[in-house]
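# Architecture and fold: a report
So the chains spell out like this:
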Amino acid sequence: MIAHIQGKLVEKTPTEVIIDCNGVGYHINISLHTYTLLPKTDFVKLFTHLIIKEDSHSLYGFAEKSEKEIFKMLLTVSGIGAGIARTMLSSLEPKQIIQALASGDLVTIQSIKGIGSKTAQRAILDLKDKVLKIYDLDEVSMFQSNTNRDEALSALEVLGFVRKTSEKTVDKVISQNPDATVETIIKQALKNL
């Protein structure tokens, strides 16, 4: 209903702002991530999401459109309301949430205040495929930069193996043994290629 609001920043705290837009002051709930991205100037534009309940109309604002989309996606999960979604975006960077959901990282999701084991599992179950599709990720790209991984892939390429095939095999080895040495990764990968 209200896609964005831009105007003069009248008040700001780490959890909310008031923006004066043509004489009307809009109270907008924000995450810590958005708070850190607020410009130093008085003029501000936030992408907003309006939540209407029986007893309240609440505006949630985001400095980035992508953060707003993640917020809306989180709201689709049973057990995650606006408050918990905002806490998630305050506790982790949006990119970290996307990575945690896409890679099925239950520990990271559970580390957020207010999220228990069942809610974390539900969030991953409901959103993993959606996140992988929307952000055009594949499971292979979810592995964080790993120098052992890169060295192993280079060695396998020198040995004549196709990189794409090697990546899947190496990532499988690393997922089973995250602390594997380059030598171990290569040996295990060679057994599976």
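Residues numbered from 1 in each chain as written. Predicted model: local features only at pLDDT ≥ 70, side-chain atom pairs only at ≥ 80, totals over all residues. Heavy atoms only, no water.

## Some remarks on the overall build of the protein
Worth spelling out the cut-off: Going along the chain from the N terminus, every DSSP run of H or I of four or more residues is numbered as a helix, and every run of E of two or more is numbered as a strand. Every radius of gyration here is taken over C-alpha atoms, with the globule rule written as 2.2 Å times N^0.38, N being the number of residues. For each residue, the accessible area found with a 1.4 Å probe, counting protein chains only, is set against the maximum for its type, and the residue is called buried under 20%, exposed over 50%, and partly exposed in between. The contact rule is simple, with two residues in contact once any of their heavy atoms fall within 4.5 Å. In these tables, accessible area is a Shrake-Rupley quantity obtained with a 1.4 Å probe, and a residue counts as shielded only by the protein chains included in the view. When charges are counted, neither His nor the chain ends are considered; positive counts come from Lys and Arg and negative counts from Asp and Glu. Every charge is mapped to an atom, namely NZ of Lys, CZ of Arg, CG of Asp or CD of Glu.
Each helix and strand counted, the protein has nine helices and five strands in total. Written out in order from the N terminus, the α and β elements of the protein read β-β-β-α-β-β-α-α-α-α-α-α-α-α. Taken over C-alpha atoms, the radius of gyration comes to 21 Å for the protein, far larger than the 16 Å a tight globule of 193 residues would show. On the principal axes, the C-alpha backbone points of the protein span a range of 70 × 35 × 25 Å. Counting every position in the protein, which comprises 193 residues, the buried fraction comes to 37%. The long-range share in the protein, meaning contacts at least 24 apart out of those at least 6 apart in sequence, stands at 49%. When the accessible surface of the protein is split by element, carbon and sulfur atoms take 51% of a total near 11300 Å². Between the centroid of the 23 positive side chains of the protein and the centroid of its 23 negative side chains there is a distance of 3 Å.

## Digging into a nonpolar patch on the surface
Here is the rule: Patch membership requires over 30% relative accessible area and the absence of a salt bridge. Like charges are linked within 9 Å, and nonpolar side chains (Val, Leu, Ile, Met, Phe, Trp, Tyr) within 5 Å. Put simply, a salt bridge is a Lys or Arg side-chain nitrogen that is within 4 Å of an Asp or Glu carboxyl oxygen.
There is a patch of nonpolar side chains on the surface, built from Leu159, Leu190 and Leu193 and spanning about 240 Å² of accessible area. Within the secondary structure, Leu190 is located in helix H9 (residues 182-192). With relative accessibility at 36%, the residue Leu190 sits in the partly exposed group.

## What to know about the nonpolar core
Rule in force here: For the purposes of this section, nonpolar cores are sets of buried Ala, Val, Leu, Ile, Met, Phe, Trp, Tyr and Cys residues that join through side-chain atoms within 4.5 Å.
Counting residues in hydrophobic clusters, the biggest one holds 28 residues, and the most contacted among them are Phe71, Leu74, Ile80, Met88, Leu101 and Ile109. When residues of this core are assigned to their parent elements, the largest contribution, six residues, is made by helix H6 (residues 117-134). Other than its neighbours up to four places away in sequence, Phe71 contacts His49, Ile51, Tyr60, Phe62, Ala82, Ala85, Arg86 and Leu89. Counting eleven residues, the second largest nonpolar core, distinct from the first, contains Leu153, Ile185, Ile186 and Ala189.

## With respect to helix H4 (residues 94-103)
Of all the residues in H4, the buried ones are Pro94, Ile97, Ile98, Ala100, Leu101 and Ala102. Summarising the contacts, the buried residues of H4 are in contact with helix H1 (32-37), helix H2 (65-75), helix H3 (82-91), helix H5 (106-110) and H6. Once H4 ends, the next one or two residues include Gly104, with phi positive near 70°.

## What to know about the confidence of the model for the protein
We apply this condition: The predictor reports its confidence for every residue as pLDDT, a score running from 0 up to 100.
Looking at the protein, the pLDDT average stands at 87 and 94% of residues meet or exceed 70. Scored below 50 in pLDDT, residues 139-145 makes 17 contacts in the model with residues more than four places away or belonging to other chains.

## Overview of the packing of helix H7 (residues 147-158) against H9
As a reminder, the rule being used: Here an axis means a line fitted to C-alpha atoms, over the contact stretch when the element is a helix, while the angle between two N-to-C directions is reported on a 0 to 180 degree scale. Every angle not falling under 35 degrees, over 145, or within 65 to 115 is termed oblique; those three ranges are roughly parallel, roughly antiparallel and roughly perpendicular. Each crossing gets its hand from how the near helix is turned against the far one by less than a right angle, where anticlockwise is left-handed and clockwise is right-handed.
At their nearest, the axes of H7 and H9 sit 9 Å apart, and the two run at 50° to each other. Of the possible angle classes, the one that applies to H7 and H9 is oblique. As H7 packs across H9, the resulting crossing turns out to be right-handed. Side by side, H7 and H9 meet where Asn148, Arg149, Glu151, Ala152, Ala155 and Leu156 of the first sit next to Val182, Ile185, Ile186, Ala189 and Leu190 of the second.

## Digging into the pattern of salt bridges
If you walk through the whole model with that rule in mind, you get one salt bridge. The salt bridge involving Lys187 is made with Glu183; its shortest N-O contact spans 3.1 Å. Within this pair, Lys187 and its partner Glu183 are both found in helix H9, separated by four residues, close to a single helical turn. Classification of Lys187 by relative accessible area gives partly exposed; the value is 49%. Glu183 sits in the exposed class, given a relative accessible area of 53%.

## Thoughts on H3
Heads up, the rule is: This arc describes the spread of directions from the helix axis toward the C-beta atoms.
For H3, the full list of buried residues reads Ala82, Ala85, Met88 and Leu89. Burial along H3 is one-sided: seen end-on, the buried residues are contained in an arc of 120°.

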